[in-house]
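Chain and residue survey
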Amino acid sequence: MKKVLSILLLLLLGTSPNTKAQSADKAAEQVTALSQAVKALGSYAVRFTVSVGEHKVSGNYSVGSDRYHLTLGNIEVYGDKECRHEVDTSRKEVAVDRVDNTSHNLLNNPLSAFDFIDDEYLAEILSEQTDRVDVRLTPRQKSEQSGVVEIAIDRRTNLPKSIIYRPSGECIKIDIDHIGATAAVPAKFDPIKFRDFEIIDFR
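The structure reproduced in this document is the subject of the present report. Predicted model only: the values in this text are computed from it and were never measured.

This part is about the pairing of strand β10 (residues 160-166). By the criterion of burial, β10 is predominantly enclosed, with five of the seven residues buried. Relative to β10, strand β9 (residues 148-154) is paired through six bridges, and the arrangement is antiparallel. By the bridge assignment for β10, Val-148 is matched with Arg-166. The hairpin turn running from β9 into β10, its antiparallel successor, is five residues long, and Asn-158 in that turn takes a positive phi close to 65°. Both β10 and strand β11 (residues 172-181) contribute to a ladder of four bridges, which runs antiparallel. Bridge assignment links Tyr-165 to a residue of β11, and that residue is Ile-172. If you look at the hairpin formed by β10 and β11, you'll find five residues sitting between the two strands, and Ser-168 has a positive phi there, around 55°.

Structural data, given as structure tokens:
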């Protein structure tokens, strides 16, 4: 009788532990495939749209030679693995800061945006469709700045279609309008170009 009740509870409350483990493994494999697909591009360029509530803004960035250049509205960011220069053209300011290499937030550190590591996140599949699979990544440690991350992955290419960051209950969605390899090298920060800007150094 107890065995029958246990089976009924599993049917009513969800999948068995083995099924959940298999789902987690499948999600982790999908995230690994995503990371590998992005790395396989080598140098690449991205066009994207950021949505926060009803507000939307388009941007683009390129990655290559261990550095990146990102443009979003009035903001330009030049960065590498050690330092980032954030240029606000409307205020004529340049903020200089160290790079947080633990961050996987596309807007903060494009170089590591898709380098998700198994021991940093718990992966689970949210939904599966013919052309895409949605995966949720929950940080194992609460200090992870980006909070929960949800990624829609193209089944055909294993490349990202969209990313949702949920830091502290907020929702920041980034739709990937295009991602592809490029021969162009990201621009470096040129102090002469911005010599009339105020420099604010946080390092």
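Once that is clear, we can look at the environment of Ala-37. With respect to the helices, strands and loops of the structure, Ala-37 is situated in helix α2 (residues 17-40). With relative accessibility at 16%, the residue Ala-37 sits in the buried group. Separated by 77 residues in the primary sequence, Ala-37 and Phe-114 place their C-alpha atoms 9.6 Å from one another. If near-sequence neighbours (up to four positions away) are discounted, Ala-37 is found in contact with Thr-157, Asn-158 and Leu-159.

This part covers the pairing of strand β4 (residues 75-80). In summary, the side chains of a regular strand alternate between the two faces of the sheet. Summarising the sheet, strand β3 (residues 67-72) and β4 pair through six bridges and their orientation is antiparallel. Bridging across to β4, Leu-72 finds its partner in Ile-75. Between the antiparallel neighbours β3 and β4 lie two residues, among them Gly-73 with a positive phi of about 60°. As defined by bridge partners, β4 adjoins strand β5 (residues 83-88) across five bridges and the pair is classed as antiparallel. Within β5, the position partnered with Gly-79 by the bridge is Arg-84. Taking the residues between adjacent antiparallel strands as the criterion, β4 and β5 are bridged by two residues.

By the element assignment, Gln-30 lies in helix α2. Once residues within four sequence positions are removed from consideration, Gln-30 is found in contact with Val-133, Val-135, Ile-153 and Asn-158.

Here is what the cut-offs are and how they apply
The residue count restarts for each chain, going from 1 along the sequence in the order it is written. Side-chain atom pairs in this predicted model are given and counted only at pLDDT of 80 or more, local residue features only at pLDDT of at least 70, and totals for whole chains, interfaces and linings cover all residues. Calculation of side-chain values draws on the structure's entire complement of heavy atoms; hydrogens and water are dropped beforehand. A 1.4 Å probe rolled over the protein chains alone gives each residue an accessible area, and that area as a share of the maximum for its type sets the label: buried under 20%, exposed over 50%, partly exposed in between. Each helix is a run of H or I in the DSSP string that is no shorter than four residues. Each strand is a run of E no shorter than two, and both are numbered from the N terminus. Note on pairing: DSSP must find at least two bridges between two strands before they are called paired. A contact between two residues is defined here by any heavy atoms of the two lying within 4.5 Å.

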